[in-house]
Amino acid sequence: MNRTLVICKPDAVERGLVGEIIGRLERKGLSLVAAELRTIDAETAGRHYAEHEGKPFYGELVSFIGRSPALVAVVEGPDDTWKIVRTLMGPTNPAEAPPGTIRGDLATEMGENLIHGSDSADSAAREIDIFFPGLA
Ligand code: DAT
Ligand code: MG
């Protein structure tokens, strides 16, 4: 089995879309291995988003991800689970995300795009280790 990290971001929790988002992943055939509502502190956000440090949107991103509780989860599937989740999510910019994707159906703004999913097998292992050590 193969695992990846999913975060239903603060906007998803605030808008009551966690069930919708996790439901889509479950209907696809993925399973929850762990899930916890957490307010992500700046240090954890900095580790999680280390690749974006120095970019113009970094400060806003770290403050957004910690502004209220997020649902942090590990999901599992048979193979390349990170890729399956990314396909269901749609592209980063909801304006470019096609209908049928989570971002395409439910979001309008880049800064409020509802869901994080690891972008490679290596990222999945690294990110799971940040939030759920030992579960990767
Ligand atoms: P993704 O979340 O699709 O993996 P990413 O890793 O490139 O996208 O960026 C992380 C988050 O940062 C993204 O979900 C929204 C925000 N972001 C990315 N690029 C941005 C930009 N050009 N302007 C504002 N926010 C941006
Ligand atoms: Mg990313």
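Residues numbered from 1 in each chain as written. Chains lettered and ligands numbered in written order. Predicted model: local features only at pLDDT ≥ 70, side-chain atom pairs only at ≥ 80, totals over all residues. Heavy atoms only, no water.

- The protein chain is annotated in an unreviewed UniProt entry as Nucleoside diphosphate kinase from Actinomarinicola tropica.
- As its UniProt record puts it under Cofactor (unreviewed entry), the protein chain is described as follows: "Mg(2+)". (UniProt positions renumbered as here; feature names shortened; annotations may be inferred.)

1. Looking at the side chain of Ser118
For step 1, the next point in the chain: Within the secondary structure layout, Ser118 lies in the loop between strand E4 (115-117) and helix H7 (121-131).
For step 2, the next point in the chain: On the basis of relative accessibility, which here comes to 0%, the residue Ser118 falls in the buried class.
For step 3, the next point in the chain: Only 3.4 Å separates the side chain of Ser118 from the side chain of Thr4, close enough to count as a polar contact.
For step 4, the next point in the chain: Beyond its immediate chain neighbours, meaning those up to four positions away, Ser118 contacts Thr4, Leu5, Trp82, Arg86, Ser123, Ala124 and Glu127. (Helix = DSSP H or I, 4+ residues; strand = E, 2+ residues; numbered from the N terminus. Buried < 20%, exposed > 50% of the residue type's maximum accessible area, 1.4 Å probe, protein only. Polar contact = N/O pair within 3.5 Å; in protein donor to acceptor, adjacent residues only side chain to side chain. Contact = heavy atoms within 4.5 Å.)

2. Considering the UniProt feature "binding site: ATP" (unreviewed entry) in the protein chain
For step 1, the next point in the chain: Feature annotation in UniProt assigns "binding site: ATP" (unreviewed entry) to the following positions: Lys9, Phe57, Arg86, Thr92, Arg103 and Asn113. Those annotated residues that line the largest pocket are Lys9, Phe57, Arg86, Thr92, Arg103 and Asn113.
For step 2, the next point in the chain: By the secondary structure assignment, Lys9 is in the loop between strand E1 (2-8) and helix H1 (10-14).
For step 3, the next point in the chain: The residues contacting Lys9, other than those within four sequence positions of it, are Tyr49, Phe64, Ile65, Ala70, Arg103, Asn113, Leu114, Ile115 and His116.
For step 4, the next point in the chain: Following the sequence through the fold, Asn113 ends up in the loop between helix H6 (102-106) and E4.
For step 5, the next point in the chain: If we ignore the near neighbours within four places in the chain, the residues touching Asn113 are Lys9, Asp11, Thr92, Pro94, Arg103 and Ala107. (1 Å grid on protein atoms, 1.4 Å probe; cavity = no way out; pocket = protein on both sides within 12 Å on 5 of 7 lines; lining within 4 Å.)

3. As for the layout of surface pockets
For step 1, the next point in the chain: By volume, the largest pocket is sized at about 520 Å³.
For step 2, the next point in the chain: Contributing to the lining of the largest pocket are 23 residues, with Lys9, Phe57, Leu61, Thr92 and Asn113 lying nearest its centre.
For step 3, the next point in the chain: For the lining of the largest pocket, the secondary-structure elements that each account for two or more residues are helix H4 (58-65), helix H5 (81-89) and E4.
For step 4, the next point in the chain: Looking at side-chain class alone, the lining of the largest pocket contains 7 nonpolar, 7 polar and 9 charged residues. (Points joined across faces, edges and corners; volume = space filled by probe spheres on them. Nonpolar A, V, L, I, M, F, W, Y, C, P; charged D, E, K, R; others polar.)

4. What about H4?
For step 1, the next point in the chain: Among the residues of H4, those classed as buried are Tyr58, Leu61, Val62, Phe64 and Ile65. In a view along the axis of H4, the buried residues occupy a sector of 165°, so they form one face of it.
For step 2, the next point in the chain: Packing partners of the buried residues in H4 comprise E1, H1 and helix H3 (42-48). (Arc of directions from axis to C-beta.)

5. With respect to the pairing of strand E3 (residues 70-77)
For step 1, the next point in the chain: Across the 8 residues that make up E3, a large majority, 8, are buried.
For step 2, the next point in the chain: Of the two faces of E3, the one carrying Ala70, Val72, Val74 and Glu76 and the one carrying Leu71, Ala73, Val75 and Gly77 are both buried.
For step 3, the next point in the chain: In this structure, E1 lies alongside E3, joined through 7 bridges in antiparallel fashion. Of the residues in E3, the one forming a bridge with Arg3 is Glu76. (Pairing = 2+ DSSP bridges.)

6. A short note on the pattern of salt bridges
For step 1, the next point in the chain: Summed over all chains, the structure comprises 7 salt bridges.
For step 2, the next point in the chain: Arg67 is the partner of Glu14 in a salt bridge, and the nearest nitrogen-oxygen pair spans 2.8 Å. Linking Glu14 in helix H1 with Arg67 in the loop between H4 and E3, this pair joins segments that are 53 residues apart in sequence.
For step 3, the next point in the chain: With a relative accessible area of 39%, Arg67 lands in the partly exposed category. (Salt bridge = Lys/Arg side-chain N within 4 Å of Asp/Glu carboxyl O.)

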